[in-house]
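Letter by letter, the chains look like this.
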Amino acid sequence: MKFETKNSLHSWSEQRPILEIDDSFLIPLLEGLASKQICELGPGSGKRAETLLRYFPDSEYRAFEPSPSFRKQCASALAGFAERAHVEGKNLATPFPNESRSADLVLILDLIEFLRMDELYMVLSEARRILRPGGICVMRSLGSGVTSLEKFLARTRTVFTEYAPGIFHGSRPLELTHYISPEDWTIVSVTDAPEGWMRRKTLICRRIE
């Protein structure tokens, strides 16, 4: 199954593995942001959501999780936050139910690399639509590398994932900046963190009017 296949009902995002990644960078990044509406795509176990909801005690949090097992874990993690936080299942290739310009913060962490191309474009398009002007979107994905070796390994992994996606649970490296239009976004920062022989890239963008 190739990632370009739009008619396939299968999505590797539904069976992606747990990635234990340090998210402590988020709170200093968001300091001073008056976030009332948070939308997260692919919240996983919900640990990150708990941290955000404690940091933003007046915010409302809505998440869409394609993995049934992660959805159960996330729902359990959010149980203590009453009616201001919930997670639901979602076909990521279809529009989101959120109103336009309703969110202050959108998170898409460690999800994009598992998406088919139709899902990827829908997710980024909808993130742009639901963010208010000036709102922040934080994305993180396995990156295409910086050094010659990393770039070679990224290309090799892409080929393997294209023809035998189960080897890496459907995950393939991406260059996130290729999907960001300067007409819609201002890139606030780009960081790369080592991950084995490769790198994981975090992209922080601000929505333009």
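An account of the accompanying structure is given in this report. None of the values given here were measured: they were computed from a predicted structure.

### Points about the pattern of salt bridges
Under the definition given, this model contains 18 salt bridges. Between Glu209 and Arg101 there is a salt bridge, with its nearest N and O atoms 3.0 Å apart. In this pair, Glu209 is assigned in the segment after strand S7 (198–207) and Arg101 in the loop between strand S3 (85–88) and strand S4 (103–109), connecting sequence segments 108 residues apart. Several salt bridges share partner residues, and in doing so they unite Asp23, Glu40, Arg48, Asp110, Glu113, Arg140, Glu195 and Arg200 into one network.

### Some words on the packing of aromatic side chains
Per the counting criterion, the structure on display carries three aromatic pairs. Consider the rings of Phe64 and Phe96, whose centres lie 5.3 Å apart with planes at 20 degrees: the pair is stacked. Taken together, the residues Phe64 in strand S2 (residues 60–64) and Phe96 in the loop between S3 and S4 connect sequence positions 32 residues apart. Relative accessible area serves as the criterion here: at 5%, Phe96 is assigned to the buried category. Taking 5.9 Å as the distance between ring centres and 65 degrees as the angle between the ring planes, the aromatic pair formed by Tyr121 and Tyr179 counts as edge-to-face. Of this pair, Tyr121 sits in helix H4 (residues 117–130) while Tyr179 sits in the loop between helix H5 (148–163) and strand S6 (185–195), and the two are 58 residues apart along the sequence.

Calculation rules
Residues numbered from 1 in each chain as written. Predicted model: local features only at pLDDT ≥ 70, side-chain atom pairs only at ≥ 80, totals over all residues. Heavy atoms only, no water. Salt bridge = Lys/Arg side-chain N within 4 Å of Asp/Glu carboxyl O. Helix = DSSP H or I, 4+ residues; strand = E, 2+ residues; numbered from the N terminus. Phe/Tyr/Trp six-rings, centres within 6.5 Å; stacked < 30°, edge-to-face > 60°. Buried < 20%, exposed > 50% of the residue type's maximum accessible area, 1.4 Å probe, protein only.

Read these as geometric descriptors, not functional statements.
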